[in-house]
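So you can see what is in the structure, the chains are spelled out below.
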Amino acid sequence: MSRFFSNKYDSLDAYVPGEQPKDCQYVKLNTNESPFPPAPAVLEAVRGEAEKLHLYSDPECKALVEKLAETYGLKPTQVLPTNGSDEILNFAFMAFCDREHPIVFPDISYGFYSVFAKLNGVPYETIPLKEDFSIDHREYVGIGKNIVIANPNAPTGLCLSLKQVEEIVASNPHNVVIIDEAYVDFGGESAVKLIDKYDNLLVTQTFSKSRNLAGARLGMGFACESLIADLNTIKYSTNPYNVNRMTMAAGIAMLESTEYFEKNLAEICRVREYTAAELRKMGFTALDSKTNFLFVRSEEIDGEKLYAELKKRGVLVRHFTAERIAQFNRVTIGTKEQMDVFLEKTREILKEQKQ
Ligand code: PMP
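This structure is a prediction, so every number in the text was calculated from the model and none was measured. (Residues numbered from 1 in each chain as written. Predicted model: local features only at pLDDT ≥ 70, side-chain atom pairs only at ≥ 80, totals over all residues. Heavy atoms only, no water.)

Here we come to the packing of aromatic side chains. Scanning the entire structure with this criterion turns up 14 aromatic pairs. Ring geometry for Y15 against Y110: centres 5.7 Å apart, planes inclined by 70°, an arrangement best described as edge-to-face. With a gap of 95 residues between them, Y15 in the segment before strand 1 (27-28) and Y110 in the loop between strand 3 (103-106) and helix 4 (112-119) connect regions that are remote in the sequence. Owing to a relative accessible area of 26%, Y15 belongs among the partly exposed residues under this scheme. Judged by relative accessible area, which is 22%, Y110 ranks as partly exposed. Between the aromatic rings of Y56 and Y241, the centroid separation amounts to 4.2 Å while the plane-to-plane angle is 10°, which identifies the pairing as stacked. In this pair, Y56 sits in the loop between helix 1 (40-50) and helix 2 (62-72) while Y241 sits in the loop between helix 6 (225-238) and helix 7 (245-256), placing the two residues 185 residues apart along the sequence. Here the aromatic residues Y15, F93, F105, Y110, F112, Y113, F116 and Y124 are joined through ring pairs into a cluster of three or more. Between the NZ or CZ atom of R211 and the centre of the ring of F261, over which it lies, the distance is 3.9 Å. Between the NZ or CZ atom of R330 and the centre of the ring of F293, over which it lies, the distance is 5.7 Å. (Phe/Tyr/Trp six-rings, centres within 6.5 Å; stacked < 30°, edge-to-face > 60°. Helix = DSSP H or I, 4+ residues; strand = E, 2+ residues; numbered from the N terminus. Buried < 20%, exposed > 50% of the residue type's maximum accessible area, 1.4 Å probe, protein only. Lys NZ or Arg CZ within 6 Å of the ring centre and 35° of its normal.)

For the rest of this paragraph, the subject is the pattern of salt bridges. With the rule as written, the count across this model stands at 25 salt bridges. The shortest N-O distance in the salt bridge between K118 and D13 comes to 3.9 Å. Linking K118 in helix 4 with D13 in the segment before strand 1, this pair joins segments that are 105 residues apart in sequence. The class of D13 is exposed, set by a relative accessible area of 53%. (Salt bridge = Lys/Arg side-chain N within 4 Å of Asp/Glu carboxyl O.)

The next subject is the environment of R297. Note that R297 resides in strand 10 (residues 293-297). Since its relative accessible area comes to 24%, R297 is described here as partly exposed. Through-space distance from the C-alpha of R297 to that of F328 is 4.6 Å; in sequence the pair is 31 residues apart. Setting aside anything within four residues of it in sequence, one finds R297 in contact with F284, T285, Q327 and F328. (Contact = heavy atoms within 4.5 Å.)

Another point: the pairing of strand 4 (residues 124-127). Bridge analysis of strand 3 against strand 4 gives four bridges, and the strand direction is parallel. In the strand pairing of strand 4, V104 is matched with E125. Handedness of the strand 3-helix 4-strand 4 crossover: right-handed. (Pairing = 2+ DSSP bridges. Right-handed = clockwise from strand over helix to strand, strands pointing away.)

What follows covers the site of the ligand. The ligand sits among G84, S85, D86, Y110, D180, A182, Y183, T206, S208, K209 and R217. Here a nitrogen atom of the ligand and a side-chain polar atom of Y110 are 3.2 Å apart. Side-chain polar atom of T206 to an oxygen atom of the ligand: 2.6 Å apart, as the coordinates give it. Protein burial of the ligand: of its 400 Å² of free accessible surface, 91% is covered by the chains. (Near = heavy atom within 4 Å. Polar contact = N/O pair within 3.5 Å; in protein donor to acceptor, adjacent residues only side chain to side chain. Areas by Shrake-Rupley, 256 points an atom, 1.4 Å probe, with all protein chains shown as cover.)

In short, the description is geometric, and any link to function would need to be established separately.
Here it is, written out as structure tokens:
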């Protein structure tokens with residue numbers, strides 16, 4: 001740290017992204033990317049835009065906003081695309097949270113929430129998940145504070161029902177409720193359909209997981225017009241050209257590639273169920289995931305040890321050190337072939353463990 005770093009960041013621990021190793025060809029199951037490349041139409045669209053990179057991108061993202069609005073059955077004024085969904089989440093903390101408007105979220109959830117809170121000087125509280133790692137939605141009903149919940153939650157993969165989400169939103173009319181739907185396409189129930197009904201609901205989604213564009217950095221927020229207008233004020237006060245030309249074109253092309261999108265989704269869900277079943281045969285506990293990852297533990301091997309042994313064998317998964325989940329690993333669903341390598345190495349490790 002330099003002697004110039006502002007002391008307003010004294011308590012800030014920056015978010016630590018999953019490893020992106022360059023040294024060897026890992027079977028990479030640690031950052032919940034799609035194992036499949038973008039649709040062919042994306043490559044073509046990006047090439048066309050590359051020729052125009054000497055010109056700024058459209059700050060209004062008009063073409064993309066219209067396509068998103070059409071896809072999700074909303075008005076263009078209810079949509080805001082951003083540089084990954086991390087950006088819209090940060091915008092929301094900046095726009096709606098402060099000392100008088102603290103925020104609450106589950107104790108086990110996306111690690112960036114506490115980082116955004118600290119970055120923006122926002123007091124926060126965490127609410128423990130239940131023993132079975134599900135969110136007790138009653139804890140949030142009428143809580144009278146801003147709320148952010150990942151639904152499905154990460155890294156557990158478990159979902160709240162739409163009815164439970166609606167109860168939370170309806171019972172906190174004077175607070176903003178952010179539902180982070182990064183993984184919703186893999187089996188959750190989206191709250192987008194509640195947007196016309198509640199002016200305190202912000203739903204965030206991303207192209208990074210189900211739409212194969214993690215490297216393009218594209219996310220979006222859906223909310224009533226006035227919330228989107230506030231978020232736009234933050235956007236125009238930080239980075240008006242937050243979505244670059246190639247990403248915008250990639251996003252539109254991906255939204256148009258419906259068949260490709262649906263085929264990939266179905267395959268990931270199929271391979272998820274296959275992998276979970278195989279792991280359970282080996283004695284693992286695998287939570288009932290509605291995402292593109294599994295959260296798993298075995299009584300036979302320490303969580304961190306399994307992570308390290310898999311890494312030695314060229315398979316990268318994500319391990320978190322927080323005490324409550326230290327025995328678990330989060331395993332992204334890759335191709336069937338990648339999961340077979342993961343399963344084989346896991347069998348090998350468990351066998352060695354017993355010897
Ligand atoms: N929310 C959750 C729950 C996530 O796991 C992630 C991925 N790390 C994000 C948001 C942000 O994803 P992105 O910025 O790539 O859209």
